[in-house]
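# A structural walkthrough
For reference, the chains in residue letters:
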Amino acid sequence: QVQLVESGGGLVQTGDSLRLSCAASGRAFSTYAMGWFRQAPGKDREFLASISWNGDRTDHAISVNGRFAISRDNTKNTVYLQMNSLKPEDTAIYYCAANARSQLFIGTMADVDYWGQGIQVTVSS
């Protein structure tokens, strides 16, 4: 069992940056692919980024490629999402996710075995 706890969200202005953190419990964290999703009001939850167990492979959604970057520190059991040049359309609840069945990738909600509780990010115009 893995517990995921997000932090670092909040209210920012257009063009600002935020770094989300996701702290994981359990020694198996370092063997899991990890990812970030978000869900805006009235919309489906969407994939943002994925990182392999050792950080060698990262994947980002086209919608955030070049602005968002996923990383991880296995010594701290933490995965990060650096978000730059934020826009009002980035306003959403952001979720950390773990794939216990793969070391390489999370691409869809079906790949997720564990979810964080979510954290609000609001970007004002």
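### Observations concerning the state of the cysteines
Under the defined criterion, the tally for this structure stands at one disulfide. Bridging Cys 22 to Cys 96, the disulfide has an S-S length of 2.1 Å. Torsion about the S-S bond of the Cys 22 and Cys 96 cystine: about -80 degrees, corresponding to left-handed handedness. Separated by 74 residues along the polypeptide, Cys 22 in strand S3 (residues 18-24) and Cys 96 in strand S9 (residues 92-99) bring together distant segments of the chain. Each member of the pair Cys 22 and Cys 96 is classed as buried.

### Some details on the pairing of strand S7 (residues 68-73)
The side chains of a regular strand alternate, first on one face of the sheet and then on the other. The alternating pattern of S7 places Phe 68, Ile 70 and Arg 72 on a buried face and Ala 69, Ser 71 and Asp 73 on a face that is not buried. Where S7 lies against strand S8 (residues 78-83), six bridges are found, and the strand directions are antiparallel. For Asp 73, the partnering residue across the bridge sits in S8 and is Thr 78. In sequence, S7 turns back onto S8 through a hairpin of four residues, with Asn 77 there showing a positive phi of about 50 degrees.

### Quick look at the environment of Arg 19
Along the chain, Arg 19 falls in strand S3. You can call Arg 19 partly exposed: its relative accessible area is 46%.

### Digging into the pairing of strand S4 (residues 33-39)
Counting buried positions over the seven residues of S4 gives six, a clear majority of the element. One ladder, built from seven bridges, connects S4 with S9; its direction is antiparallel. Across the sheet, residue Gly 35 finds its bridge partner in S9, namely Ala 97. As judged from the five bridges shared by S4 and strand S5 (residues 46-51), these two strands associate in the antiparallel manner. Among the inter-strand pairings, Met 34 is bridged to a residue of S5, identified as Ile 51. Counting the residues that bridge the hairpin from S4 to S5 gives six residues, and of these Gly 42 lies at a positive phi of roughly 80 degrees.

### Regarding the environment of Asp 73
Looking at the element boundaries, Asp 73 is found in strand S7. Its relative accessible area of 22% is what places Asp 73 among the partly exposed residues. When near neighbours in sequence (up to four residues on either side) are disregarded, Asp 73 contacts Phe 29, Thr 78 and Tyr 80.

Parameters and conventions
- Residues numbered from 1 in each chain as written.
- Predicted model: local features only at pLDDT ≥ 70, side-chain atom pairs only at ≥ 80, totals over all residues.
- Heavy atoms only, no water.
- Disulfide = S-S within 2.5 Å.
- Helix = DSSP H or I, 4+ residues; strand = E, 2+ residues; numbered from the N terminus.
- Buried < 20%, exposed > 50% of the residue type's maximum accessible area, 1.4 Å probe, protein only.
- Pairing = 2+ DSSP bridges.
- Contact = heavy atoms within 4.5 Å.

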